[in-house]
Amino acid sequence: MHDFPPVPGRQARASRAPCSIGRPAGDFAAAGGERRGCGILAGRPTHERASRHGAAADARHRDARGRLSLYGEAFAATLEAADPGLKLLPRHTRGSTENLPLLRAGAVDLALVQGEVVQAAFAGGAPAGLSILWAMYPAPGMFVVRGDSAATSIAALRGRRVAWGARGSGLVLLARAVLDGLGLDPERDFEAVFLDRAGDGPAMVLDGRVAALWGGGAGWPGFAAVAEGPAGARFLAPEPADVPAILARQPFLRRMTLPAGSYAGQAAPVASVGSWSFVLARPGLEEAMGYRLARALHRGEADLARRLPQARESTAQATAGAADPALLHPGVRRALREWGSLP
């Protein structure tokens with residue numbers, strides 16, 4: 001992955017309806033002289049990139065990009081390759097909690113949003129016309145400790161210093177939801193360390209400043225950094241006997257498993273609970289555009305997995321299974337029905 005320099009004289013922002021194919025967007029020229037574009041949100045790195053259609057990825061730090069940021073880059077490149085007529089204009093932000101207001105305001109067309117933020121946004125139905133475009137990946141939540149740590153359970157971390165991520169981030173919301181089912185609270189039952197920079201978390205585990213780091217899912221840079229350290233890593237998830245209580249209190253969570261081999265030295269799968277993250281679409285995104293994007297993403301599934309192995313579950317079938325059909329974008333719903341993924 002590369003850092004992209006700012007585009008002189010341009011802001012990474014799409015017009016109110018830049019996704020209408022054939023309607024001038026006024027931002028970037030496509031091949032053949034047609035001017036089409038769409039805004040997509042990414043994460044914190046402030047470098048901006050002119051590309052081909054728009055969405056929001058969650059990079060929390062200039063030096064250690066988060067998984068949403070990595071997904072956003074692969075997502076944009078996959079769409080461009082699958083449908084060269086599309087234009088993406090990725091925009092980096094502070095993450096899911098910034099992406100959602102920008103999406104509601106129509107400042108971008110698509111946004112990458114972590115599962116707990118999606119759950120809050122859609123509580124009680126689709127608010128203000130927001131819709132789900134595509135499933136990104138599942139994120140089973142868990143702690144990572146150094147392989148030489150004496151801690152072998154979540155209970156063993158009580159009262160100890162634990163790094164949680166940025167306050168209010170999607171991963172911290174997931175932590176609060178999971179721990180609530182265990183009768184725990186990050187600030188009451190642990191010595192909580194909330195991070196300004198995502199890259200600080202694994203370094204703090206490796207040098208012993210914290211006992212553990214909370215995170216989620218395969219391909220998360222923080223977990224990878226600890227696992228590749230000299231002592232390796234151990235992952236701590238809720239005990240199987242505790243999972244029913246968690247799901248009873250947090251019904252939006254699902255049983256999920258981190259496959260064996262997701263990280264260096266991880267010989268066995270880790271069972272936990274977690275949620276799906278999604279690409280969301282702004283209110284008013286045309287049905288024809290949603291249909292076109294879905295077709296391009298479906299054609300590009302293998303390409304997306306090649307670009308980012310942890311995105312191998314970002315498929316039409318996963319989208320049909322992970323999302324409430326009533327919350328899907330109408331164009332996506334039409335495509336999934338044509339493919340037999342929805343009744």
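Residues numbered from 1 in each chain as written. Predicted model: local features only at pLDDT ≥ 70, side-chain atom pairs only at ≥ 80, totals over all residues. Heavy atoms only, no water.

Chemist: Break down the pattern of salt bridges for me, with residues and values.
Modeler: This model, assessed by the stated rule, comprises 16 salt bridges. Asp-83 serves as the salt-bridge partner of Arg-292, at 2.5 Å between the closest nitrogen and oxygen. Of the two residues, Arg-292 is situated in helix 8 (residues 287-299) and Asp-83 in the loop between helix 1 (67-82) and strand 3 (89-92); the sequence distance between them amounts to 209 residues. Accessibility expressed as a relative area gives 21% for Arg-292, which makes it partly exposed. (Salt bridge = Lys/Arg side-chain N within 4 Å of Asp/Glu carboxyl O. Helix = DSSP H or I, 4+ residues; strand = E, 2+ residues; numbered from the N terminus. Buried < 20%, exposed > 50% of the residue type's maximum accessible area, 1.4 Å probe, protein only.)

Chemist: Give me the confidence of the model for the protein: which residues, what numbers.
Modeler: Within the protein, residue pLDDT values average 81, and 79% of them lie at 70 or more. Ignoring residues within four places in sequence, the model shows residues 1-38, a span with pLDDT below 50, making 96 contacts including any to other chains. The model gives residues 42-64 a pLDDT under 50, and that stretch makes 130 contacts with residues more than four places away or in other chains. (pLDDT = per-residue confidence, 0-100. Contact = heavy atoms within 4.5 Å.)

Chemist: With reference to specific residues and values, describe the environment of Arg-161.
Modeler: Here Arg-161 shows up in strand 6 (residues 161-165). Overall, the relative accessible area of 31% leaves Arg-161 in the partly exposed class. The spatial distance from the C-alpha of Arg-161 to the C-alpha of Ala-211 is 5.7 Å, given a sequence separation of 50 residues. Residues in contact with Arg-161, not counting those within four places in the same chain, are Glu-191, Val-193, Met-204, Arg-209, Val-210, Ala-211 and Ala-212. Looking at Arg-161, its side chain comes within polar contact range of the side chain of Glu-191, at 3.3 Å. (Polar contact = N/O pair within 3.5 Å; in protein donor to acceptor, adjacent residues only side chain to side chain.)

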